[in-house]
Structure formats: structure tokens, C-alpha cells
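Each chain, written out:
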Amino acid sequence: MIPPVVRVARLAVAPSGAKAGERAIPEETPVAIVHNGSTYAVMMATPGDLEDFGYGFSLTEGVIGDLADVESIETLEFEEGVEIRLWLNQERAGEQVARRRQIAGPTGCGLCGVESLELAVKPARAVGEGRSFTAADISRAVASLPPVQLLNHETRAVHAAAFWEPEAGLVAVREDVGRHNALDKLVGHLVRQGRAAASGIVLLTSRVSIEMVQKTAMLGAPVLVAVSAPTALAVRTAEAAGITLVAIARDDGFEVFTHPHRIVLGGAEQERIAHVG
């Protein structure tokens, strides 16, 4: 298997002088998503949790609707990269032939190869009501993520996506050099585990763009929390999809941009947050 982390020689330069040594850095490799023998996409990704990636990417792209649409999956390594081969059932295979496309995605790219402006800004799937969370829940969820970002601890160069529930805590974490890839890997894992997305919070270490909202909506998660800021289009998309978008979530608080009714604060704070949006 291709290792997700490699150690390379480097020269560290500081005011006190230069020192030779090594640094751990993340690997990125071309990963092809192949449906019934036809390449749908080639993404630059960290070579880990690749079956999760195959399922999650296929789901968030709308190629499959659930696990039952996939008859089998295999991951094959080549000198040039990795292929994730998914064999779809007859109905899905026929639909895929009608809409086939090929895209080559650099790291972090979420819209490469989209053939029209309408597809680029397509509405996100509406989510269900789900449950409510307290401000303390949000803070606990955000605080739980950094200690388990193992690849990032080693490399300081990867994104993470995670799922958190009040009762269970941090359920799953996936990391990748691409923020979209990390979220797709998380989606794939949760779907394979049969985890109900309405019961928890999707956590992101990256900024929130429209694609991240769209992928969260395809998972069916009503609450998305990120440590960085959203784009304006992401806010509009989350509002339309019914997603509670929380961002700039740090040790000292967070900001709620859409559907604040799912965040329970109490008292005067609850009254103020009810008027957001």
C-alpha cells in the first residue's frame, strides 16, 4: 500500500544557522474513481481510507443513492496511482452511461469538469429537521477534533472532516490533503456504518464553500460546523437546504450563519440568535 505519509530530507534555516534533517509530509497521488469500467473522475488525494472515498464521492456526486447501488468495489494500485473500481447495479449503470463525464481534479478542487454554470451552483438537497445542540455541544465537538488529527499532527498539511454526537462523542474522523476528499471519505464511512447523519454534527477544519455544503446535504446532516469562514454562496446554499451553518468555531466561541433554531443557548442569548438570518 502507498503510505499516506513520507519522510523527506530538508534543510532547516533559522537566524541561528542551518541544520539538515527530515520532515514528515503527506503523500498525494492520482486516485481514479471508476464506475463499471469507465473513469468518472481523477482526484489528487491522500492514499488512505480509499474505499470510504469511493463510496462517499459516488454518493455526494449523485452517482449512487445508497450502498445497494454498488455490487462490488476494489482498489488497485499502479505505478501512476490508484483506481477505485465500483461496479454498479444495472439501473445505476444505465443512468451513469447517460451522464458520463471525466474530470481531472487538483488537490482541493470540487468543481473541475462541470459542464455548465447551472451544474456548478445546483441547489443542495434539502435536509430534515434533525436535532438541536447546545452551545456547549458545539464547543465540545470542536475541542475534540485536534487531538485525533493524527496525519495533521505529523505533517501539519492535511484537512479533516469528522462526525460528532452528544452521546457518543467523536464518532469518525477522516483526513486528506484535499478538504473535499476528507469530507467524501467521512460520508463514505458513515454510510457504510449505517450512521444516521441527523443525530450529529459534521465538523470541518477548512473553510466552507458551496461544495462542502452540497456534500453535507447529500449526507443528510442538518448541522455543519467549521473552524474557518464560509463563502457567501455557501451561506445562501445552506439557507436554502435547511442546514444550520456554524463557522469560525474557536475556543472563544462561534458564529451562526443560517437556521439558528437548532442551537440552544437559553435566555437573552437564545432570543438574539433567533433573529440571525
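Keep in mind that what you see is a predicted model, and the values were worked out from it rather than measured. (Residues numbered from 1 in each chain as written. Predicted model: local features only at pLDDT ≥ 70, side-chain atom pairs only at ≥ 80, totals over all residues. Heavy atoms only, no water.)

Caption draft 1: Molecular detail of the nonpolar core. Residues F53, V202, L204 and V208 are the most contacted members of the largest nonpolar core, which totals 46 residues. Structurally, this core is a two-domain feature, drawing no fewer than three residues from each of domain 1 (29–119) and domain 2 (133–274). Excluding anything up to four places from it in sequence, L204 contacts A160, A161, L183, M212, L224, V225, A226 and V227. Of all hydrophobic cores here, the second largest spans 17 residues; its members include F133, I138, A141 and A249. (Core = buried A, V, L, I, M, F, W, Y, C linked by side-chain atoms within 4.5 Å. Buried < 20%, exposed > 50% of the residue type's maximum accessible area, 1.4 Å probe, protein only. Domains from an automatic or database assignment. Contact = heavy atoms within 4.5 Å.)

Caption draft 2: Molecular detail of the pattern of salt bridges. Applying the stated rule across the entire model yields 13 salt bridges. Note that R262 is salt-bridged to E129, the shortest N-O span being 3.7 Å. Of this pair, R262 sits in the loop between β14 (253–256) and β15 (263–264) while E129 sits in the loop between α3 (117–120) and β8 (133–134), and the two are 133 residues apart along the sequence. Classification of E129 as partly exposed rests on a relative accessible area of 45%. Put simply, R140 and D137 hold a salt bridge, and the shortest N to O gap is 2.9 Å. Of the two residues, R140 and D137 are both situated in helix α4 (residues 135–144); the distance of 3 residues between them amounts to about one turn of the helix. (Salt bridge = Lys/Arg side-chain N within 4 Å of Asp/Glu carboxyl O. Helix = DSSP H or I, 4+ residues; strand = E, 2+ residues; numbered from the N terminus.)

Caption draft 3: Region of interest: the packing of aromatic side chains. Overall, the coordinates contain 2 aromatic pairs when judged by the stated rule. Taking the centre distance of 6.0 Å and the plane angle of 75° together, the rings of Y40 and F57 count as edge-to-face. Placement of Y40 in strand β4 (residues 38–45) and of F57 in helix α1 (residues 50–60) is noted, with a sequence separation of 17 residues between them. The residues Y40 and F57 share a single accessibility class, namely buried. A ring pair is formed by F53 and F57, whose centres lie 6.0 Å apart and whose planes are at 70°; its orientation type is edge-to-face. Within this pair, F53 and its partner F57 are both found in helix α1, separated by 4 residues, close to a single helical turn. What links up through ring pairs into an aromatic cluster is the set Y40, F53 and F57. (Phe/Tyr/Trp six-rings, centres within 6.5 Å; stacked < 30°, edge-to-face > 60°.)

Caption draft 4: Quick peek at unusual backbone geometry. Here the phi dihedral of D49 falls at roughly 55°; this positive angle occurs in a residue that is not glycine. By the element assignment, D49 lies in the loop between β4 and α1. The class of D49 is partly exposed, set by a relative accessible area of 38%.

Caption draft 5: Expanded view of the sheet that holds strand β13 (residues 244–250). Strand order across the open sheet formed by 6 strands is β10-β9-β11-β12-β13-β14, with mixed pairing between neighbours. What marks the edges here is a single partner per strand, and that holds for β10 (169–176) and β14. Neighbour to neighbour, the strand axes of the sheet diverge by 20° on average, direction disregarded. When strand β11 (residues 201–204) meets strand β12 (residues 223–226), the two strands line up parallel, connected through 3 bridges. From the neighbouring strand, L204 faces β12, where its bridge partner is A226. Contacting β9 (159–165), β10, β11, β12, β13 and β14, α4 crosses the sheet at an angle of about 140° to β9. (Pairing = 2+ DSSP bridges. Axes fitted to C-alpha atoms, helices over the stretch in contact; angles between N-to-C directions.)

Caption draft 6: Molecular detail of α4. If you check which residues of α4 are buried, you get D137, I138, A141 and V142. Along the long axis of α4, the arc covered by the buried residues comes to 125°, so they all point the same way. (Arc of directions from axis to C-beta.)

Caption draft 7: Examining the packing of helix α7 (residues 210–219) against helix α8 (residues 232–241) more closely. Between α7 and α8, the shortest axis-to-axis distance is 8 Å and the interhelical angle comes to 25°. Classed by the angle they form, the pair α7 and α8 counts as roughly parallel. Seen from α7, the contacting residues are I210, V213 and Q214; seen from α8, they are L233, A234, T237 and A238. Residues belonging to the contact of α7 with α8 are distributed by class as follows: 5 nonpolar, 2 polar and no charged. (Parallel < 35°, antiparallel > 145°, perpendicular 65-115°, else oblique. Nonpolar A, V, L, I, M, F, W, Y, C, P; charged D, E, K, R; others polar.)

Caption draft 8: Broad picture of the environment of M218. Within the fold, M218 resides in helix α7. If we ignore the near neighbours within four places in the chain, the residues touching M218 are L59, T60, G62 and R125.

Caption draft 9: Molecular detail of the pairing of β11. The alternating pattern of β11 places I201 and L203 and V202 and L204 on opposite faces, both of which are buried. For β9 and β11, the ladder comprises 4 bridges, and the chain directions are antiparallel. Bridge pairing links F163 to V202 in β11. Of the crossover connections in this fold, the one passing from β11 over α7 to the parallel β12 is right-handed. (Right-handed = clockwise from strand over helix to strand, strands pointing away.)

Caption draft 10: Representation of α7 within the structure. Most of α7 is tucked away: 10 of the 10 residues are buried. Along α7, the residues that are buried comprise I210, E211, M212, V213, Q214, K215, T216, A217, M218 and L219. In the segment just after α7, G220 is the residue with positive phi, at about 90°.

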